[in-house]
Amino acid sequence: MPQFPNRQFLDFEQPIKEIYEQIEETRKLAEKNAKVDYSSNITQLEQEIILKRKQITDHLSPWQRVQLSRHPDRPYTLKYIDKMCHDFVELHGDRNFKDDKAMVGGFASLDSETVMIIGQQKGINTKSRQMRNFGMANPEGYRKALRLMKLAEKFNKPIICLIDTPGAFPGLEAEERGQGEAIARNIYEMIRLKVPVIIAIIGEGASGGALGIGVGDRVLMMENTWYTVISPESCSSILWRSWDKKETAAEQLRLTATDMKGFGLVDEIVPEPLGGAHWDYQEAASLLKACLLRNLAMVKDIDPAQRIQMRIEKYGKMGFWEETTDV
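Just so you know, these numbers come straight off a predicted model, no measurement behind them.

Cut-offs used in this document
- Residues numbered from 1 in each chain as written.
- Predicted model: local features only at pLDDT ≥ 70, side-chain atom pairs only at ≥ 80, totals over all residues.
- Heavy atoms only, no water.
- Helix = DSSP H or I, 4+ residues; strand = E, 2+ residues; numbered from the N terminus.
- Rg over C-alpha atoms; globule rule 2.2 N^0.38 Å.
- Buried < 20%, exposed > 50% of the residue type's maximum accessible area, 1.4 Å probe, protein only.
- Contact = heavy atoms within 4.5 Å.
- Areas by Shrake-Rupley, 256 points an atom, 1.4 Å probe, with all protein chains shown as cover.
- Lys, Arg positive; Asp, Glu negative; His and termini not counted.
- Charge placed at Lys NZ, Arg CZ, Asp CG, Glu CD.
- Phe/Tyr/Trp six-rings, centres within 6.5 Å; stacked < 30°, edge-to-face > 60°.
- Polar contact = N/O pair within 3.5 Å; in protein donor to acceptor, adjacent residues only side chain to side chain.
- Core = buried A, V, L, I, M, F, W, Y, C linked by side-chain atoms within 4.5 Å.
- Salt bridge = Lys/Arg side-chain N within 4 Å of Asp/Glu carboxyl O.

Chemist: Would you take a moment to explain the overall build of the protein for this structure?
Modeler: Of the regular secondary structure elements, the protein holds 14 helices and 8 strands. Since a compact globule built from 327 residues should have a radius of gyration of about 20 Å, the 21 Å found for the protein is in line with a globular shape. Based on the C-alpha atoms only, the size of the protein along its principal axes is roughly 80 × 50 × 40 Å. Looking at the 327 residues of the protein, the share that counts as buried comes to 51%. Taking the contacts inside the protein whose residues are at least 6 apart along the sequence as the reference set, 71% of them involve residues at least 24 apart. Summing over all exposed atoms, the protein offers an accessible surface of approximately 16200 Å²; the carbon and sulfur share of this is 52%. One finds the centroid of the 44 positive side-chain charges in the protein at a distance of 4 Å from the centroid of its 47 negative side-chain charges.

Chemist: So what exactly am I meant to see when it comes to the packing of aromatic side chains here?
Modeler: Each aromatic ring pair is described using two quantities: the centre-to-centre distance and the angle formed by the ring planes. Scanning the model with the defined rule gives 2 aromatic pairs in all. Ring geometry for F9 and Y20: centres 5.8 Å apart, planes at 65°, overall edge-to-face. Residue F9 is located in the segment before α1 (14–32), and its partner Y20 is located in helix α1; the two are separated by 11 residues in the primary sequence. Using a relative accessible area of 9% as the deciding quantity, one classes Y20 as buried.

Chemist: Got a minute to help me understand the side chain of N133 in this structure?
Modeler: By the secondary structure assignment, N133 is in the loop between α5 (126–131) and α6 (139–154). There is a polar contact of 2.9 Å between the side chain of N133 and the backbone oxygen of M136. For N133, the contacting residues outside a window of four places in its chain are N138 and F169.

Chemist: For this particular structure, what's the right way to read the nonpolar core?
Modeler: For soluble globular proteins, the rule of thumb is that nonpolar side chains tend to be buried together. Core analysis: the largest hydrophobic core is formed by 32 residues, its most contacted members being I118, Y142, M149, I159, C161, M190 and I213. Ranked by residue count, the leading element in this core is α6, at 5 residues. Among all residues touching C161, those that are not within four sequence positions of it are I118, M149, M190, I198, I199, A200 and I213. Within the second largest apolar cluster, 25 residues are counted, among which are M84, A284, L292 and V299.

Chemist: Whenever I open this one, the environment of L211 confuses me. Can you help?
Modeler: Looking at the secondary structure, you find L211 in helix α9 (residues 207–211). Spatially, the C-alpha atoms of L211 and R7 are 32 Å apart, while their sequence positions differ by 204 residues. Excluding its chain neighbours within four sequence positions, the residues that come into contact with L211 are I187 and Y227.

Chemist: I'm lost on the pattern of salt bridges in this one. Help?
Modeler: It is possible for side chains bearing opposite charge to pair when their charged atoms get close. For the structure on display, the rule yields 23 salt bridges. As a salt-bridge pair, K314 and D267 come within 2.7 Å of each other at their nearest N and O atoms. Of this pair, K314 sits in helix α14 (residues 304–316) while D267 sits in the loop between α12 (257–263) and β8 (268–270), placing them 47 residues apart in sequence. For K314, a relative accessible area of 18% gives the class buried. Several salt bridges share partner residues, and in doing so they unite R143, K150, E153, E181, R185 and E189 into one network.

This is a description of form; function is not addressed.
Encoded structure:
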């Protein structure tokens, strides 16, 4: 079992925390008394953790999945790139304003396939969270992403986008520099890219911040993530003038991977390690990598013109509506 000395636990993970603390205490006893073999006790407790993780995973509410998607120990884009790829070369700047640290991207090797991999990056501590703006990209972040996509198209390389953002940055300066236009431009251009585009939601998939790099041939969604137009807290604040109804909002928004698959908005749900991706980075990356390669193989050999038409039809069919001839 991976060791995380500074592991953090959510409220519904407290039963796991208690067993984890028992393991730590047992290890300390083993260090003090070398004559007694505690290995079987530790093994039994580790098995209890696995069982408890399965029990929790099997009965998660939508709000709990939202919490897991935001887990402070959850792997972010650069961690997945590190675990899935090799020879990653990060590229910087939008060639217009500056380099947005909330959006990362560059060429990398995914097994034998050279791809352009792009995604939002959150920080792992207070300083890096401020530098990464909590994964909320400014217009220059989306323009950088589009520049990298066009570069991939130039060299005929597939594009992989990893989505993990609470939303595009809503600040005044972002609006002044054209936040809405930058996201709309990306949606317009991505649907017409000649190369394969695979999207994977690895954490939070909120609003236009997600859609700005979220148009592709295949859309994957990890098991404990969410994808919707607004966060449960903001929805609760608008409808009930309070954040207290966030759990109800999460339920009503139908934002889980299972809901999105049912609506036809995503193509495949990527399984996670028991209890969530934060329990085993390597396993989480291996599961995602296998899905990415499999979906890339599905669309790689399709003629570019046909691929674009399929993409247009895919997004044109999304949603529910009724037509009437009444005037």
